[in-house]
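Structure at a glance
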Amino acid sequence: MKEITFKTKGVCARSITFSKDDDGKIYNISFEGGCNGNLKAISKLCDGMQAEEIVQKLKGNTCGFKSTSCADQLAQAVLEN
């Protein structure tokens, strides 16, 4: 399993760390900074999902007036890795 740390852009969370297995499933998602309760929930809901499913569900999600969100950044992270 490969551990990945992704530096976020445009959101309160500073980084996202997760593991990706050889089948493309994502595990052990954790955010540094950001809205603690919401990000714990996103992490639990996405644990064990295929990367493509995370991207499909979360890509393009925005936060307030921002053009991105922590969920969208997670989608970007799994897309790039």
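Heads up: the structure comes first, above all this text.
What comes next concerns the included structure. (Residues numbered from 1 in each chain as written. Predicted model: local features only at pLDDT ≥ 70, side-chain atom pairs only at ≥ 80, totals over all residues. Heavy atoms only, no water.)

A word on the pattern of salt bridges
Which entries qualify depends on this criterion: Any carboxyl oxygen of Asp or Glu within 4 Å of a side-chain nitrogen of Lys or Arg constitutes a salt bridge here. In this text, helices come from DSSP runs of H or I with a minimum length of four residues, and strands from runs of E with a minimum of two, each type numbered from the N-terminal end. For the exposure calls, accessible area comes from a 1.4 Å probe over protein chains only, and a residue counts as buried if that area is under 20% of its type's maximum, exposed if over 50%, partly exposed in between.
The tally for this structure, following the rule as stated, stands at one salt bridge. Here Arg 14 and Glu 32 are joined by a salt bridge, their closest N and O atoms 3.3 Å apart. Of the two residues, Arg 14 sits in the loop between β1 (2-7) and β2 (15-20) while Glu 32 sits in strand β3 (residues 26-32), which places them 18 residues apart along the sequence. In this structure Glu 32 comes out as partly exposed when scored by relative accessible area, which is 42%.

Brief notes about the packing of helix α2 (residues 51-58) against helix α3 (residues 70-80)
Rule in force here: In this description, a line fitted to the C-alpha atoms serves as the axis of each element, helices being fitted only across the stretch in contact, and the angle between N-to-C directions of two axes falls anywhere from 0 to 180 degrees. A crossing counts as left-handed when the near helix is turned anticlockwise from the far one by less than a right angle, and as right-handed when that turn is clockwise. Contact criterion: two residues are considered in contact whenever any of their non-hydrogen atoms come within 4.5 Å of each other. Nonpolar residues are Ala, Val, Leu, Ile, Met, Phe, Trp, Tyr, Cys and Pro. Charged residues are Asp, Glu, Lys and Arg, and all others, Gly as well, are polar.
The interhelical angle for the contact between α2 and α3, taken along N-to-C directions, is 145 degrees, at an axis separation of 9 Å. For the element pair α2 and α3, the recorded crossing hand is left-handed. Contacts between α2 and α3 involve Ala 51, Ile 54, Val 55 and Leu 58 from the first element and Ala 71, Asp 72, Leu 74, Ala 75, Val 78 and Leu 79 from the second. Taken together, the residues that form the contact of α2 with α3 break down as nine nonpolar, no polar and one charged.

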